[in-house]
Amino acid sequence: MDPFHHLNSSFSDPYHPLLAASPPHHFAPDPLPPPPQPLPADPPSLERERLPQWSHDETAAFLAIRSDLDHSFVSTKRNKALWEAASARLLSLGFARTPDQCKSKWKNLVTRFKGTEAVVADPQTAARGSSSFPFHEELRRIFDARVERTRALDRKKAKGKDPDDQDDGGGGGGGEGDEEEAEQLEEDDDDRASGETMRSGSKKRRKKAAARRSGLEGEVEAMLREFMRRQLEMEERWMEAAEAREVERRAREEEWRTAMVALGEERLALVRRWRDREDAWQARAEEREERRHQLVAAVLAKLGAGDAS
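Residues numbered from 1 in each chain as written. Predicted model: local features only at pLDDT ≥ 70, side-chain atom pairs only at ≥ 80, totals over all residues. Heavy atoms only, no water.

Student: Teacher, can you tell me more about the pattern of salt bridges here?
Tutor: Any two side chains of opposite charge can pair if their charged atoms end up close together. Under the counting rule described, the total for this entry stands at 18 salt bridges. Between Asp70 and Arg146 there is a salt bridge whose closest N-O contact spans 2.5 Å. Of the two residues, Asp70 sits in helix α4 (residues 70-75) while Arg146 sits in helix α8 (residues 136-159), which places them 76 residues apart along the sequence. Taken individually, Asp70 and Arg146 each receive the classification buried, so the pair is uniform in this respect. The partner of Glu221 in a salt bridge is Arg225, and the shortest N-O contact between them spans 2.7 Å. Taken together, the residues Glu221 and Arg225, both in helix α9 (residues 176-308) and four residues apart, mark about one turn of the helix. On the accessibility criterion, Arg225 (58% relative accessible area) is exposed. (Salt bridge = Lys/Arg side-chain N within 4 Å of Asp/Glu carboxyl O. Helix = DSSP H or I, 4+ residues; strand = E, 2+ residues; numbered from the N terminus. Buried < 20%, exposed > 50% of the residue type's maximum accessible area, 1.4 Å probe, protein only.)

Student: Sorry, what's going on with the packing of aromatic side chains here?
Tutor: Here the distance between the centres and the angle between the planes together describe a pair of aromatic rings. Following the criterion strictly, the structure yields six aromatic pairs and no others. For the ring pair Phe62 and Trp83, a centre distance of 6.5 Å and an interplane angle of 15 degrees mean the geometry is stacked. Taken as a pair, Phe62 in helix α3 (residues 56-68) and Trp83 in helix α5 (residues 80-92) lie far apart in primary sequence, 21 residues in all. Of the two residues, Phe62 and Trp83, both sit in the buried class. By way of ring pairs, the aromatic residues Trp54, Phe62, Phe73 and Trp83 are connected into one cluster. Positioned above the aromatic ring of Phe73 is the side chain of Arg66, whose terminal nitrogen or guanidinium carbon lies 3.9 Å from the ring centre. When the ring centre of Trp106 is taken as reference, the NZ or CZ atom of Arg66 above it lies at 4.0 Å. (Phe/Tyr/Trp six-rings, centres within 6.5 Å; stacked < 30°, edge-to-face > 60°. Lys NZ or Arg CZ within 6 Å of the ring centre and 35° of its normal.)

Student: What is the right way to look at the packing of α3 against α8 in this model?
Tutor: Helix packing for two helices is described by the angle between their axes and how far apart those axes are. Where α3 contacts α8, the two axes come as close as 10 Å, and the packing angle between them is 0 degrees. Between α3 and α8, the interaxial angle falls into the category roughly parallel. Contacts between α3 and α8 involve Leu63, Arg66 and Ser67 from the first element and Glu138, Leu139, Ile142 and Arg146 from the second. Of the residues in the contact of α3 with α8, the class split is three nonpolar, one polar and three charged. (Axes fitted to C-alpha atoms, helices over the stretch in contact; angles between N-to-C directions. Parallel < 35°, antiparallel > 145°, perpendicular 65-115°, else oblique. Contact = heavy atoms within 4.5 Å. Nonpolar A, V, L, I, M, F, W, Y, C, P; charged D, E, K, R; others polar.)

Student: Any chance you could explain a negative patch on the surface here in plain terms?
Tutor: A grouping of Glu235, Glu236, Glu240 and Glu243 is seen on the molecular surface, where their side chains present a negatively charged patch. Looking at the secondary structure, you find Glu240 in helix α9. (Patch = residues over 30% accessible without salt bridge, like charges linked within 9 Å, V, L, I, M, F, W, Y side chains within 5 Å. Areas by Shrake-Rupley, 256 points an atom, 1.4 Å probe, with all protein chains shown as cover. Lys, Arg positive; Asp, Glu negative; His and termini not counted. Charge placed at Lys NZ, Arg CZ, Asp CG, Glu CD.)

Student: Any chance you could explain a nonpolar patch on the surface here in plain terms?
Tutor: A surface patch of nonpolar side chains, about 480 Å² in accessible area, is lined by Leu295, Val296, Val299, Leu300 and Leu303. Relative to the helices and strands, Leu300 resides in helix α9.

Student: Would you take a moment to explain the environment of Glu226 for this structure?
Tutor: Structurally, Glu226 can be placed in helix α9. Given the relative accessible area of 29%, Glu226 is considered partly exposed. At 2.3 Å, the side chain of Glu226 and the side chain of Arg229 are in polar contact. (Polar contact = N/O pair within 3.5 Å; in protein donor to acceptor, adjacent residues only side chain to side chain.)

Structure, rendered in structure tokens:
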């Protein structure tokens, strides 16, 4: 006997209690992950490095400070203390910026100034260049003042008057600091030279633009003169052609009148000849009629005489 006979019989019976419909199973959902914990606040040392971008007022204040210190930046070799002074003055105005941030901002402003200088030099695109870099005039004034100071210094040197030596702006010396300061001095020299170059380049571009405009005006004037000359020639040719057509029209009209007069005279001659022939035919008809009457009268007379006899 099969030991699993009761199981086989149970599963073969569709109405067996074990095969009844089982109640639905309810599965519990997976638990939600715990909410993320807030990150700890940044340490105070990193808060100044993560400041927002420079605002318009902050940049304007920085440029005013940098303009006041520009003479010191040019005359000294160590400008680390000057950047610290600029940062301190910004902080006194309510803007917290580190010296390195001030230095980086100055480099960025100079780079943008060099990029927009060529655009502003063109009168047709000056408005577009000014709107793309709103601090162009402030940078230009700084570089213009620097160039004027350099020229005055050159004039003093040419006259044999040595300018007074400027004191260092502070800061430690030696090592990496000296290299950084030398690099900054070289950048300032480049900025000064670039300012001079940009001014001369702007003057050359203005001269070229003026020459180009004068050349265009000359070309336009020459084109207008050539157009007027051709217009006058066309009008003269048209007048000559109109006069020739008028003379030809008058000649044809005179010829037509002569032909019409001749044709009228010929018609009158034909009418006269026709009337002469008509008169001659009428006269012959009357003569024939007269002869016929005479002949009839003679015949009747003869007939009357024969009857009487």
